[in-house]
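Take a look at the letters that make up each chain.
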Amino acid sequence: MTRIIACVSGKGGVGKTTIVSNLGVALAALGKNVIVVDTNLTTPNLGIHFGMPLYPTTIHDVLKGTASIRDAIYHHDSGVKIVPAGLSLRDLRGVDSKDLPNVLLDLLGSADMVLLDSSAGLGKETLSSIEAADEMMVITSPELTSVADALKASKLAQQLGTKVIGAAINRVSGKPHEMRTEDVQNMLGDAEILAKIPEHIDVQKAIAKRNPVVLSAPNSPASREIRKLAGRIAGIENTEKLPWYRFLFR
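It should be emphasised that the depicted structure is a prediction, and the values quoted were computed from it without experimental measurement.

### Some details on the packing of aromatic side chains
Aromatic rings in a pair are described by how distant their centres are and how their planes are angled relative to each other. Within the structure shown, the criterion is met by one aromatic pair. Taking the centre distance of 4.7 Å and the plane angle of 50° together, the rings of tyrosine 55 and tyrosine 74 count as tilted. Pair noted here: tyrosine 55 is in the loop between α2 (46–49) and α3 (59–64) and tyrosine 74 is in strand β3 (residues 74–75), with a separation of 19 residues, a long-range link. Given the relative accessible area of 13%, tyrosine 55 is considered buried.

Right, here's the structure in full:
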């Protein structure tokens, strides 16, 4: 059975696309058949994160009815499959995000998991992504405004009947001004904290290289946490061991 999981932030700048691209690669490494879909129709970036910004067929073409969604699936060397979005302003003409749920139905049965990289905010595009999904994961940073928007996203998903499987806290630096994990958990209520992904220079370098950090720096703290997140979502017990030097400086 195919699980369609919308990855929603509510607020921009939390690193949602970074998490989605790396999570897709990590799930593929666990043996899962994964498709990541860029449902951010106005400001898409998913293809760029994989080093493949330009595609002949995109989700925009599918929404216009000029192509099948299977024609817009591309294979990455990591094993994950990508349905990108067009980068041109011309791609927006004749596209209605309300058609997303019907278009994504054609992916049922073709993968174990479909991850939707939704747009920032809680506008029509995000609403369509949530409606198209069976489950939703909230991605937030440890800041009050970001967590507040994540809470709104969770409430919206509940109203639409989409199951909230939990939240991932991204860009955690451990600085005094950040919200504590327990405070984020209390604010989000029933949305379990699935992962705390640290802010790390390896992530920034990976984005610059246009290569997911779990591939370019597999031993990075961020990569390790993303792999643990993938295991939790896939229901696979984490067997990863910390490198010996991490025990000296925990």
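Having seen it, we continue.
### Some words on the sheet that holds strand β4 (residues 81–83)
What links the strands of a sheet is backbone hydrogen bonding, and the strands pair in either a parallel or an antiparallel sense. Strand order in the open sheet formed by eight strands is β3-β4-β2-β5-β1-β6-β7-β8, with mixed pairing between adjacent strands. Unpaired on one side and paired on the other, β3 and β8 (193–198) mark the two borders of the sheet. In the sheet, strand β1 (residues 3–8) pairs with strand β6 (residues 135–140) via four bridges, with the strands oriented parallel. Residue cysteine 7 lies in a different strand from β6, and its bridge partner there is methionine 137. On the sheet, helix α5 (residues 124–132) packs against β1, β5 (113–117) and β6 and is oriented at approximately 155° with respect to β1. Strands in contact with helix α7 (residues 181–188) are β7 (163–172) and β8; relative to β8, the strand with the most contacts, it is inclined by about 140°.

Conventions used here
- Residues numbered from 1 in each chain as written.
- Predicted model: local features only at pLDDT ≥ 70, side-chain atom pairs only at ≥ 80, totals over all residues.
- Heavy atoms only, no water.
- Phe/Tyr/Trp six-rings, centres within 6.5 Å; stacked < 30°, edge-to-face > 60°.
- Helix = DSSP H or I, 4+ residues; strand = E, 2+ residues; numbered from the N terminus.
- Buried < 20%, exposed > 50% of the residue type's maximum accessible area, 1.4 Å probe, protein only.
- Pairing = 2+ DSSP bridges.
- Contact = heavy atoms within 4.5 Å.
- Axes fitted to C-alpha atoms, helices over the stretch in contact; angles between N-to-C directions.

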